[in-house]
Amino acid sequence: MEQEVARLIVDSLNLEEVSPEQIEPEAPLFREGLGLDSIDALELALAISRAYGVQIRSDDENNRQIFASLRALTAHIEAHRATS
Amino acid sequence: MRHSNTLPLIADHSTPLAWVAGRRISRAAFLADVRALARRLPAGGAHFNLCEDRYRFAVAFAAILLRGGASILPPNRARTTLSEIAERHPGAHALVDERDLSITIPVVPVTADGTEHAPNPGATPEIPTDQMAVHAYTSGSTGQPTAHSRRWSSLHAVTTQALRRFGLGTDGGTLVGTVPAQHMYGLESTVLYALLGPCTLLAERPFFPDDIRQALADHAPASLVTTPFHLDACLRAGLTWPDTARVISATAPLERDRAQAAETLLGTTVCEIYGCTEAGAVASRETARESLWRLYDGISLTTLNRERITVQGPQHPEPVALPDRIEREDAQRFRMHGRPADQLNIAGKRASLAELNRRLNAIPGVLDGVFIPPDPKQDGGNRRLAAIVAAPERSEAEILAALAETTDPLFLPRPLIRVDALPRSATGKVPRQLLLDLLDQHSQCA
């Protein structure tokens, strides 16, 4: 599942320099890590809703946590896919 | 007492001024917050208004005005940008509501949330009409940020025109804004419509489509104040949308088919605002049905020659030359044929290509470099700048970090391609096709 989400990140954001295997599961996705920004966050949220039916919300207290790393994002998707 | 050379700080309406965390904030409670903050500010001068929360931005904006000063709105929060602007405003403080903002300017924290005790709201404060109210900075094409300043009378005039044009002067309702208040369009359409009209601003800035849907549902029927970038994300999100009063869009041209799709999805009218940093908002159109822009009441165009058209209304002390290619249809309507090629627009933010190239080549160790604008025909949100750089001694990360000191993150290049030398022609230019070929080769290798 983690690799599947990594593939979704690379494909939806056209990260030509990065392969899914290269994304470190615990590394930050934004700023210092992959250097993603707000355009990417929006694009990624759309891709996640299409692929998994999970809507990302920024008023969610855990928002920073959700995008903190590939592992955190995967966990969020799995949790919300299970309950919805 | 009301003097003819003053205008009120806020309009007298019974509608709430803001929603803060689901709470209704009255105009009296807002004034109490404004007065409490004003007591902590130095008199006069100009101060950075960096508040993220729209309510706190409005409180800071009004408190600065009340102390006789103007809000400084920077084009981005890059450290060098802020220090360059601060040099022009000695004594400037930064009004902030974020704890983790690291800046070297003296900070005044803003914590207002509408709960300040207001035993006696008192008379509505009056502000001198000629008082400078805002210095809106753009990144400029000359190497230094450029200030566009507006007096209080000018903000009053444009707000009155817009409220009338969009029927907001009578309807009011909640403004759900996805644009930051620091942007001139955001200031006018999400803060001033509430201060000087019967509208109610929403403190939060919804970002993801589901946030926007929720905010519109909580305050239905609300007006959505947004950009083509966010509107496009909403159209692609596959959600069911609540009853919406109207959609207002600006910062980049909205395609007619997108406007039509948004009208169908949200069941309302989509109005697009035409404006520029130099003149502010001056016209609007209903993009789904109209291609011609209609000037706000009281504004007129003057043709000086084929290349130069000026605009003037009560908000402009002098005629302002429009930066765009404009074709007049009649006294009140015109066509817009595009912006000068140097102007880039990424997700509603503007920058000058010449200025970005100058910044890139100013980085120590960069021998030569050039930004490549995104293909305007490419769909979706991933319209990115690329850059080709000859800098044998510097790593990609070093170049990006140096650029981030002066440049909004949205304009950082991706990919950043390293070459030994740029394919410059005899005249020193880099043919666009050669750059695109380089980009192409690069993506095939990756």
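Because the structure is a prediction, the values reported are computed rather than measured.

## Looking at the overall build of chain B
If you tally the helices and strands in chain B, you get 12 helices and 27 strands. Once the C-alpha set of chain B is aligned to its principal axes, its extents read approximately 70 × 50 × 50 Å. Buried positions account for 55% of the 446 residues belonging to chain B. For chain B, the exposed area adds up to about 19,000 Å²; of that, 50% sits on carbon and sulfur atoms. Both charge centroids of chain B, one from 47 positive and one from 48 negative side chains, sit 3 Å from each other.

## Some remarks on the confidence of the model for chain A
In the predicted model, chain A carries a mean pLDDT of 81, and the fraction of residues at 70 or more is 82%. Mean pLDDT per element in chain A: helix H3 (residues 63-66) of chain A is the minimum at 72, and helix H1 (residues 2-12) of chain A is the maximum at 89.

## Details of the packing of aromatic side chains
Residues and elements named next belong to chain B. Scanning the model with the defined rule gives eight aromatic pairs over all chains in all. Between phenylalanine 57 and phenylalanine 61, the ring centres sit 6.2 Å apart and the planes meet at 15°, which makes this aromatic pair stacked. Of this pair, phenylalanine 57 and phenylalanine 61 both sit in helix H2 (residues 54-66), four residues apart, which is roughly one turn of that helix. Here phenylalanine 57 matches phenylalanine 61 in class, with each residue buried.

## Notes on the domain arrangement of chain B
All names here are of chain B. The assigned domain composition of chain B is domain 1 (1-149), domain 2 (206-340) and domain 3 (343-445). Counting each side, the surface lost to burial between domain 2 and domain 3 is near 660 Å², with a carbon and sulfur contribution of 49%. Applying the counting criterion to the domain 2 and domain 3 interface returns zero salt bridges. In this assembly, domain 2 and domain 3 are joined by zero residue pairs in polar contact (both at pLDDT 80 or more). When contributions to the side of domain 2 that touches domain 3 are tallied by element, the ones reaching two or more residues are helix H8 (228-236) and strand S15 (270-276). When grouped by side-chain class, the residues that make up the side of domain 2 that touches domain 3 number four nonpolar, three polar and two charged.

## Examining the sheet that holds strand S26 (residues 386-390) of chain B
Residue and element names in this part refer to chain B. Across the sheet, which stays open at both edges, the three strands sit in the order S25-S26-S27 with mixed pairing between neighbours. Lying at the two open borders of the sheet, with one neighbouring strand each, are strand S25 (368-372) and strand S27 (416-418). Here the strands of the sheet are splayed against their neighbours by 15° on average, with no regard to which way each runs. In the sheet, S26 pairs with S27 via three bridges, with the strands oriented parallel. Within S27, the position partnered with valine 389 by the bridge is arginine 418. Helix H10 (residues 353-361) rests against S25 and S26 of the sheet, and its axis sits at about 150° to S25. Across the face of the sheet, helix H11 (residues 396-404) comes into contact with S25, S26 and S27 while running at roughly 135° to S27.

## A look at the pairing of strand S16 (residues 280-286) of chain B
Residues and elements named next belong to chain B. Of all the seven residues making up S16, six are buried; the element is thus mostly covered by neighbouring parts of the structure. Looking at chain direction, S15 and S16 are connected through six bridges and run antiparallel. In the sheet register, isoleucine 273 faces S16, and the bridge partner there is serine 284. Where S16 meets strand S17 (residues 293-295), two bridges bridge the pair, whose relative direction is antiparallel. Among the inter-strand pairings, alanine 283 is bridged to a residue of S17, identified as leucine 295. In this antiparallel pair of consecutive strands, S16 and S17, the connection spans six residues.

Rules used throughout
- Numbering of residues starts from 1 in every chain and runs along the sequence as written.
- Just so you know, chain letters begin at A and ligand numbers begin at 1, following the order they were written in.
- Reporting in this predicted model follows two pLDDT cut-offs: at least 70 for local features of residues, and 80 or more for side-chain atom pairs to be given and counted; totals over whole chains, interfaces and linings ignore these cut-offs and use all residues.
- To obtain the side-chain values, all non-hydrogen atoms of the structure were used and water was disregarded.
- Counting from the N terminus, the helices are DSSP H or I runs at least four residues long and the strands are E runs at least two residues long.
- Each residue's exposure class comes from its accessible area (1.4 Å probe, protein chains only) as a fraction of the maximum for that residue type: buried when under 20%, exposed when over 50%, partly exposed otherwise.
- All accessible areas in this document rest on Shrake-Rupley with a 1.4 Å probe, and a residue is counted as covered only by the protein chains that are shown.
- Under this rule, positive means Lys or Arg and negative means Asp or Glu; His and the chain ends count for nothing.
- For charged residues, the charge sits on one atom: NZ in Lys, CZ in Arg, CG in Asp, CD in Glu.
- pLDDT gives the predictor's per-residue confidence on a scale running from 0 to 100.
- Only centres within 6.5 Å qualify two rings of Phe, Tyr or Trp (six-membered ring in Trp) as a pair; their planes then separate them into stacked at under 30 degrees, edge-to-face at over 60, and tilted for everything else.
- The domain limits used here are those given by an automatic or database domain assignment.
- Here the buried area means the combined drop in accessible surface, using a 1.4 Å probe, for two parts upon being joined, counting both sides.
- A side-chain nitrogen of Lys or Arg and a carboxyl oxygen of Asp or Glu constitute a salt bridge if their distance falls within 4 Å.
- Contacts described as polar in this section are N or O atom pairs within 3.5 Å, which, within protein, must combine one atom able to donate a hydrogen with one able to accept it, while residues neighboring in sequence count only if both atoms come from side chains.
- Ten residues, namely Ala, Val, Leu, Ile, Met, Phe, Trp, Tyr, Cys and Pro, are considered nonpolar, four, namely Asp, Glu, Lys and Arg, are considered charged, and the remaining ones, Gly among them, are considered polar.
- Two strands pair if DSSP finds at least two bridges between them.
- Orientation is described by lines fitted to C-alpha atoms, with helices fitted over the stretch in contact, and by angles between N-to-C directions that extend from 0 to 180 degrees.
- By the convention used here, residues are in contact when the closest approach between their heavy atoms is within 4.5 Å.

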